[in-house]
Amino acid sequence: MAQGRPKAAAKRPRRAAAGTGTGTGPRGRRKGGRAIAPKKLHVIRQQKLRKRLEVGIRARIERDARQRAGAAPPPAPQRPAPTKGKKGRG
């Protein structure tokens, strides 16, 4: 059996107030630029390029679709299909 006073339970740190920005801590904000590893920088550039190309392609497709829709003649009115009348039985 343990003797003496029980250990004090570890307290969880309090959450920062909602108004504080990210990157702040006991030392405050850090000055200077951040170094990004060359491999990661290359990956980030590829992702940005791919995203920009996808957005451009999607915009071009939508623009072409709008032009086609505006230039096409209005569709001819469709006549309803003839209904077959039931002949009287009996």
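In the block above lies the structure referred to throughout.
An account of the accompanying structure is given in this report. (Residues numbered from 1 in each chain as written. Predicted model: local features only at pLDDT ≥ 70, side-chain atom pairs only at ≥ 80, totals over all residues. Heavy atoms only, no water.)

Some remarks on a nonpolar patch on the surface
Next, step 1: The grouping of Leu49, Leu53, Ile57 and Ile61 at the surface amounts to a nonpolar patch, some 390 Å² of accessible area in total.
Next, step 2: Take Leu53: it is sitting in helix H1 (residues 38-71).
Next, step 3: When its relative accessible area of 48% is taken as the criterion, Leu53 is described as partly exposed. (Patch = residues over 30% accessible without salt bridge, like charges linked within 9 Å, V, L, I, M, F, W, Y side chains within 5 Å. Areas by Shrake-Rupley, 256 points an atom, 1.4 Å probe, with all protein chains shown as cover. Salt bridge = Lys/Arg side-chain N within 4 Å of Asp/Glu carboxyl O. Helix = DSSP H or I, 4+ residues; strand = E, 2+ residues; numbered from the N terminus. Buried < 20%, exposed > 50% of the residue type's maximum accessible area, 1.4 Å probe, protein only.)

Structural notes on a positive patch on the surface
Next, step 1: On the surface, a cluster of positive charge is contributed by Arg27, Arg29, Arg30 and Arg34.
Next, step 2: Mapped onto the fold, Arg34 is located in the segment before H1.
Next, step 3: Residue Arg34 is classed as exposed on the basis of its relative accessible area, which comes to 55%. (Lys, Arg positive; Asp, Glu negative; His and termini not counted. Charge placed at Lys NZ, Arg CZ, Asp CG, Glu CD.)

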